[in-house]
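Here is what each chain is made of, one letter per residue.
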Amino acid sequence: MRRADHVSSITRASLLERVWDAPLTRAASEIGMSANGLAKLCDRLDVPRPKRSYWLLQPEERAALRPQLPPAPAGVDEEIILSERPQPRRDRTRLSLDDRRAQLLAAAADIVVAEGPQEVTMKRLARDIGISEAQAHNCFAKRIDLLVELTRREVAQVEASRRGAVSRGTNPLTRVVLSTINYLHDAQARGPLLQALLTVPGVREALRGERASMARAARQPVLDSMVARYGISEARARGTNAVLTAICLRAGGLLAAGKISFATAERLCLPIVIAGARSNAPASQPDYG
């Protein structure tokens, strides 16, 4: 890792190289800026920067995605003066407690995806968003509190997304298909962050009860519907649901880890899930084809 250069000026070409060579937080630290400040600078100068998922790719895949530097926007020089003595840029806007907490959570999510949860510290987060460490601790007493809240937020958003997908289905089979596809999309988009967070023992322990309760709440209506609609036993409904869920979770895990593509995950899950759903339905019920 390069040491902080404390540069007073930088070219757009050098800026492009830095943000594609290292995650934003590290690149910002190397030139004495905050991650937010560097992101805003890149956007203002029309310097492309990678998405979070870029750092999960293999080196050869990343190399293929590196862009060319576009022409400078009107009125912008190729070399930009930063300052005589660059310091991390401070956001002096007075934010509400909720907004500041959201800002810290967003910064933590960037670090987790790019470098892993072990790199998240209150000191680093405070520096990256331009506040004092004491202010950061006013929002979250401890690092683990922040990580737990970030995980809780991600789990809640995945669950809300699942409910939204299910509500769009017009019959049982459609709901099963929509729910499966939606889960795979979430696994691809949110899985890397959520999986990384759940490797932290303190996070798993803190959310064990909540996650179990949420899983039961999501599962029970499905079991009740299967028993009522098809006249099967709850044991059979529970077994079918467990098998199909396990298949989807495995595919989602591989997708989140970048080991399979979305198309492959879909090909693995959908035929099995559809066949499993249809196996419980009497032939006289048209909503399963």
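Keep in mind that this is a model prediction, so the values were computed, not measured.

Asks: Would you take a moment to explain the overall build of the protein for this structure?
Replies: Along the protein, the regular secondary structure elements total 13 helices and two strands. Summarising its shape, the C-alpha atoms of the protein cover approximately 80 × 40 × 30 Å along the three principal directions. Looking at the 289 residues of the protein, the share that counts as buried comes to 39%. Accessible surface for the protein amounts to roughly 15,800 Å². Of this, 53% is attributable to carbon and sulfur atoms.

Asks: Help me out: how do you make sense of the packing of helix α5 (residues 97–115) against helix α8 (residues 143–167) in this one?
Replies: A pair of packed helices is characterised by two quantities: the angle between their axes and the separation of those axes. Across the interface, α5 lies against α8 with an axial gap of 10 Å and an inter-helix angle of 85°. In this view, α5 runs roughly perpendicular relative to α8, as classed from their interaxial angle. Counted together, Arg101, Leu104, Leu105, Ala108 and Ala109 of α5 and Leu146, Glu149, Leu150 and Arg153 of α8 form the full contact between these two elements. Among the residues forming the contact of α5 with α8, the class breakdown is six nonpolar, no polar and three charged.

Asks: Is there a simple way to explain the packing of α8 against helix α9 (residues 172–189) in this structure?
Replies: Two elements in contact, α8 and α9, have axes whose closest approach is 8 Å; the angle formed by their N-to-C orientations is 150°. Here α8 lies roughly antiparallel to α9, going by the angle between them. Seen from above, α8 lies across α9 with right-handed handedness. Contact residues: Val158, Ser161, Arg162, Ala165 and Val166 in α8; Arg175, Leu178, Ser179, Asn182 and Asp186 in α9.

Asks: Help me out: how do you make sense of the nonpolar core in this one?
Replies: One recurring pattern in soluble globular proteins is that nonpolar side chains are buried together. Leu104, Val120, Leu125 and Leu146 are the most contacted members of the largest nonpolar core, which totals 30 residues. For this core, the elements supplying multiple residues, two or more each, are α5, α6 (122–129), α7 (133–139), α8, α10 (191–197) and α11 (201–230). Looking at this core element by element, the count peaks at eight residues for α5. Filtering out sequence-adjacent residues up to four positions away, Leu125 remains in contact with Leu104, Ala107, Ala108, Ile111, Val120 and Leu146. Judged by nonpolar contacts, the second largest core, of 17 residues, contains Trp20, Ala27, Leu45 and Ile80.

Asks: Looking at this structure, how should I read the packing of aromatic side chains?
Replies: Aromatic ring pairs: the centre-centre distance and the angle between the two ring planes describe each pair. The full count for this structure, using the stated rule, is two aromatic pairs. Measuring from ring centre to ring centre gives 4.9 Å for Trp20 and Tyr54, while their planes differ by 85°; the resulting arrangement is edge-to-face. Here Tyr54 lies in the loop between α3 (35–44) and α4 (59–65) and Trp20 lies in helix α1 (residues 12–21), a separation of 34 residues in the sequence. Across the pair, Tyr54 and Trp20 agree in class, each one buried. Relative to Trp55, the ring of Tyr54 lies with its centre 4.9 Å away and its plane at 85°, an arrangement referred to as edge-to-face. Linked through ring pairs, Trp20, Tyr54 and Trp55 together constitute an aromatic cluster. The ring of Tyr54 has Arg62 lying over it, and the distance from NZ or CZ to the ring centre is 6.0 Å.

Asks: Help me understand α11 in this model?
Replies: Each α-helix winds once per 3.6 residues, and so residues spaced three or four apart point in a common direction. The end-to-end C-alpha separation of α11 is 41 Å, in line with the 44 Å expected for 30 residues at 1.5 Å each. Along α11, the sharpest kink reaches roughly 55°, centred on Arg208. The inward-facing, buried residues of α11 contact α8, α9, α10 and α12 (234–256). Directly after α11, the chain includes Gly231, whose backbone phi takes a positive value near 70°.

Asks: Which parts of the structure should I look at to understand the environment of Ala22?
Replies: Inspection of the secondary structure assignment puts Ala22 in the loop between α1 and α2 (24–30). Along the backbone, Ala22 and Thr180 are 158 residues apart, and their C-alpha atoms lie at a distance of 35 Å. If sequence neighbours within four positions are ignored, Ala22 has contacts with Ala27 and Trp55.

Rules and cut-offs
Residues numbered from 1 in each chain as written. Predicted model: local features only at pLDDT ≥ 70, side-chain atom pairs only at ≥ 80, totals over all residues. Heavy atoms only, no water. Helix = DSSP H or I, 4+ residues; strand = E, 2+ residues; numbered from the N terminus. Buried < 20%, exposed > 50% of the residue type's maximum accessible area, 1.4 Å probe, protein only. Areas by Shrake-Rupley, 256 points an atom, 1.4 Å probe, with all protein chains shown as cover. Axes fitted to C-alpha atoms, helices over the stretch in contact; angles between N-to-C directions. Parallel < 35°, antiparallel > 145°, perpendicular 65-115°, else oblique. Contact = heavy atoms within 4.5 Å. Nonpolar A, V, L, I, M, F, W, Y, C, P; charged D, E, K, R; others polar. Left-handed = near helix turned anticlockwise from the far one by under 90°. Core = buried A, V, L, I, M, F, W, Y, C linked by side-chain atoms within 4.5 Å. Phe/Tyr/Trp six-rings, centres within 6.5 Å; stacked < 30°, edge-to-face > 60°. Lys NZ or Arg CZ within 6 Å of the ring centre and 35° of its normal. Expected span 1.5 Å × (residues − 1). Bend = angle between axes of the 7 residues up to and from the residue.

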